[in-house]
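Close look at the chain arrangement
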Amino acid sequence: MSTNLSVRDCVSFSTLFIPRIVTQECQRSCLAVQHSNLYPLFSSLSLFCADSCWLETVFFCRVILEMEFGYIKLKICLLFVLLACSQLVKGFYLPGSYPHKYGVGDILNMKVNSLTSIDTELPFGYYSLPFCQPEAGIKDSAENLGELLMGDRIENSPYRFRMFKNETELFLCQTKALSSEEFNLLKKRIDEMYQVNVILDNLPAIRYTYRDRFVLRWTGYPVGAKVGRNYYVFNHLKFNVLVHKKEDNDAVTRVMGSGDATPVISNVKKDQSEAAPEYMVVGFEVVPCSFKHDLESVKNLKMYDTYPSKINCIPNVVATPIKENEPIIFTYEVSFVESDIKWPSRWDAYLKMEGAKVHWFSILNSLTVIAFLAGIVLVIFMRTVRRDLAKYEELDKEAQAQMTEELTGWKLVVGDVFRAPSDPSLLCVMVGDGIQILGMGLVTILFATLGFMSPASRGALLTGMLFFYMILGFAAGYVGVRLWRTIWCGEHNDWVSISWKVSWFFPGIAFLILTTLNFLLWSSGSTGAIPFSSFLALISLWFCVSVPLTLVGGYFGSKAPFIEYPVRTNQIPREIPQQKYPSWLLVLGAGTLPFGTLFIELFFIMSSLWMGRVYYVFGFLLIVLALLVAVCAEVSLVLTYMHLCVEDWKWWWKSFFASGSVAIYIFFYSINYLIFDLKSLSGPVSAMMYIGYSLLMALAIMLATGAIGFLSSFWFVHYLFSSVKLD
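Residues numbered from 1 in each chain as written. Predicted model: local features only at pLDDT ≥ 70, side-chain atom pairs only at ≥ 80, totals over all residues. Heavy atoms only, no water.

**Some thoughts on the packing of aromatic side chains**
Condition: Any Phe, Tyr or Trp ring, taking Trp's six-membered ring, that has another such ring centre within 6.5 Å forms a pair; planes under 30 degrees apart are called stacked, those over 60 apart edge-to-face, and the others tilted. Only DSSP runs of H or I reaching four residues or more are called helices, and only runs of E reaching two or more are called strands; each is numbered from the N terminus. The buried label goes to any residue with under 20% of its type's maximum accessible area, the exposed label to any with over 50%, and the partly exposed label to all in between, with areas taken from a 1.4 Å probe on protein chains only.
Applying the stated criterion across every chain yields a total of 49 aromatic pairs. Ring centres of Phe519 and Trp522 lie 5.5 Å apart, and the angle between their planes is 75°; on these two criteria the pair is classed as edge-to-face. A residue pair is termed a helical-turn pair when its members lie 3 or 4 positions apart in one helix, as Phe519 and Trp522 do in helix 14 (residues 495-524) at three residues. On the accessibility criterion, Trp522 (36% relative accessible area) is partly exposed.

As structure tokens, this is what we get:
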């Protein structure tokens, strides 16, 4: 069969896949594709015959195998298939995540994470306090590098549930008599408002509190409470597990990640589909209580035995205070509730958007600033620059020479505007590092916006940032070396030295700050301290990945042609007229405009970092970042033109700091946030850790925004003076 298939036909095929295809036909289609020459292309669409096939794509594959048309058309048609299939998607979840299905009575093991507090910002291990330990011993869960850097330490726990089996008054353990050290440590952790973080099926426990007709959501529960002079530990936990029954009607299952409405043929036989129902965990709630247990009644009880008397869990009532040389008895209960929440939507309770209008206000505010600056830039280009150039080019050489003696402004610095700046190697290094940081931020936020770095994947965001930063070392070396060759018109080709400086500048400063903070955290025994093995892994990634890629980028930058200046530089530098106001004062003030575009979003980011809130509006953040790039470019461009108009040809560093000075205001905002929003932050270690991380964040933002401002100004100056026809 030979025919020509158009893109229009592809769309019709992809939208009319209504008839059902039996399992055998689906398998034959997959086998046909696998034995064809087009299998490498189709494999990217997950066309494998392990469990199920996508009806739309498989049907389309069979059509393709029976027709002859170009490979380019094939790729276009497949793109339309994916777009058409995406219209059927009603739910979205993380790529690479799969639901765990449990039968009735299956064991669910709860895990514990580090204890956290917004009072100290220092995480500590769960078993640093006298809690019940598993009978089989404490075991660490596999963690990625991002989780370790964030201070997460996920371990097993003695809490055990059985799917869809409600259990009450379960005895967990009786601790040993509290020693003086344990008693004082418990009181200290309660005073510092530490929270216990527990996890079930990758869902952190959520706690609801009610205040003035408002419902507040918290993750985790407090270690205890202080009433008067007495301290109480929450020794009874009431767990509510929300489960969703697996839907399997007419042998049609629903694939996670393709939504709740995409039917896929299952290869499960009919008699197997009538087996016992299976459930998926879609919610996990905890209610902590303080209960007075009878020490005599638990002497002969073992773990998971039933407590002899009824336990009434009243959240706002405390019972027996903890005392030195007395044990603590822990009990728990669990109830399962069938819920209509679908598995892809189970994180909605944690990520419920509030204050969306504030984010839109931030974007509109940024757009207003951009429009204002764009108007100024338009005036500069359309009315001032082009008018001056038109008049300048209409004159003959003698008139131009006479006009040069009479005119003032940017036209008089033609012979000095491309004079090498002071400390050019440092400028090249900072611009290169800034491009690397900016690229890391853009790519990471883009992937997070697409759902690859959701809060459900712990540590994925930080791991992704490290990965992209390492890879983009190539761009840093390339930009730094090529700028170095451009400044010296290709005469200096010391690309190895520049590449080494680029690979060491920002990572070296970050290494010093993190090492200092890590020693402080080690001394305090916090799990926030980077383990020695992870520390060695970071250093290895730096030397074995980032540095070589930076050197490779520098090599290619040395081979790339340098950007030629449109005018020649005079041997004797021109004297800069005395200004009424210091030019650096205007440069520092320019940072207020970029800061105005992001200060609202910055509040949410700071709350996520230091208040334990989940930040998930990456779409807003991506828009704000794009607006920030535009504002930085416009601010630096306008200020560069203003400096040239007053015959100040030293624009290189000023263009960098015109946009990079936003970091100063961000650091001041961090101090303001510490004073007014983190009032409870206590201890010198906590304060130094906050200031250290704020400095590192401000430095990274300064390099990224400075690189944007410098490159935009360089393009503007090159464009401006390339239009001037002079020898």
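That covers the picture; the talk isn't over yet.
**Topic: the state of the cysteines**
Stated precisely, the cut-off is as follows: A pair of sulfur atoms, both from cysteines and within 2.5 Å, is called a disulfide here.
Applying the stated criterion to the full structure yields two disulfides. Put simply, Cys132 and Cys173 are joined by a disulfide, and their sulfur atoms are 1.7 Å apart. Residues Cys132 and Cys173 are joined by a disulfide whose S-S torsion is about -85°; by sign, that bridge is left-handed. Here Cys132, found in the loop between strand 2 (107-112) and helix 6 (145-150), pairs with Cys173, found in strand 4 (residues 167-174); they are 41 residues apart in sequence, far enough to count as distant. Taking the relative accessible area as the measure of exposure, Cys132 reaches 3% and is therefore buried. Judged by relative accessible area, Cys173 falls into the buried class, the value being 14%.

**Some thoughts on helix 17 (residues 592-610)**
As a reminder, the rule being used: Fitting axes to the seven residues ending at a residue and to the seven starting there, one defines the bend at that residue as the angle between these axes.
A bend of about 50° at Leu598 is the largest found in helix 17. When we look at burial in helix 17, the residues that qualify are Pro594, Phe595, Gly596, Thr597, Leu598, Ile600, Glu601, Leu602, Met606, Ser607 and Trp610.

**A few points about the sheet that holds strand 3 (residues 155-162)**
For clarity, the threshold we go by: Strands pair, by our definition, only if DSSP identifies at least two bridges between them.
If you walk across this open sheet you meet the four strands as 3-2-6-7, and the pairing is antiparallel. Each having just a single partner strand, strand 3 and strand 7 (203-204) make up the two edges of the open sheet. Relative to strand 7, strand 6 (residues 198-200) runs antiparallel, the two sharing two bridges. Bridged to Leu200 within strand 7 is Leu203.

**Let's talk about empty space enclosed by the protein**
Note the cut-off: Grid spacing is 1 Å over the protein atoms alone, the probe is 1.4 Å, and a cavity is where that probe fits but cannot get out, while a pocket is an open set with protein on both sides within 12 Å along at least five of seven lines and lining residues have an atom within 4 Å of a point. Grid points are joined across faces, edges and corners, and a volume is the space filled by probe spheres set on the points. Gly is placed with the polar residues, together with every amino acid not listed as nonpolar (Ala, Val, Leu, Ile, Met, Phe, Trp, Tyr, Cys and Pro) or charged (Asp, Glu, Lys and Arg).
A complete count under the given rule lists three cavities of 30 Å³ or more for this structure. In this structure, the second largest cavity occupies an estimated 60 Å³ of space. As for the second largest cavity, its lining consists of Tyr126, Phe131, Cys132, Tyr159, Leu172, Val196, Tyr221, Phe234, Leu237 and Phe330. In terms of residue class, the lining of the second largest cavity is made up of 10 nonpolar, no polar and no charged.

**Side note on the environment of Ser503**
Note the threshold: In the analysis that follows, any N or O atom pair within 3.5 Å is treated as a polar contact, provided that within protein one partner can donate a hydrogen and the other can accept it, and provided that, for residues neighboring in sequence, both atoms belong to side chains.
Along the polypeptide, Ser503 turns up in helix 14. Taking the C-alpha atoms as reference points, Ser503 and Leu549, 46 residues apart in sequence, are found 9.0 Å from one another. There is a polar contact of 2.8 Å between the side chain of Ser503 and the backbone oxygen of Trp500.

**Observations concerning the packing of helix 20 (residues 662-676) against helix 21 (residues 684-722)**
Filter applied, for reference: Simply put, an axis is a line fit to the C-alpha atoms, just over the touching stretch for a helix, and the angle between two N-to-C directions goes from 0 to 180 degrees. Here the word oblique covers every angle except those under 35 degrees (roughly parallel), over 145 (roughly antiparallel) and from 65 to 115 (roughly perpendicular). Whether a crossing is left-handed or right-handed is set by the direction in which the near helix is turned from the far one by less than a right angle, anticlockwise for left-handed and clockwise for right-handed. Residue contacts follow a heavy-atom distance rule, with two residues in contact if any of their heavy atoms lie within 4.5 Å.
Running from N to C, helix 20 and helix 21 cross one another at 155°; their axes reach a closest spacing of 8 Å. When the axis of helix 20 is compared with that of helix 21, the two are roughly antiparallel. In this structure, helix 20 crosses over helix 21, and the sense of that crossing is right-handed. For the pair helix 20 and helix 21, the contacting residues are Val662, Ala663, Ile666, Phe667, Ser670, Tyr673 and Leu674 in the first and Tyr690, Ile691, Ser694, Leu695, Met697, Ala698, Ile701, Met702 and Thr705 in the second. The residue inventory of the contact of helix 20 with helix 21, partitioned by class, reads 13 nonpolar, three polar and no charged.

**Regarding the side chain of Ser546**
Relative to the assigned elements, Ser546 resides in helix 15 (residues 532-559). Residue Ser546 is classed as buried on the basis of its relative accessible area of 2%.

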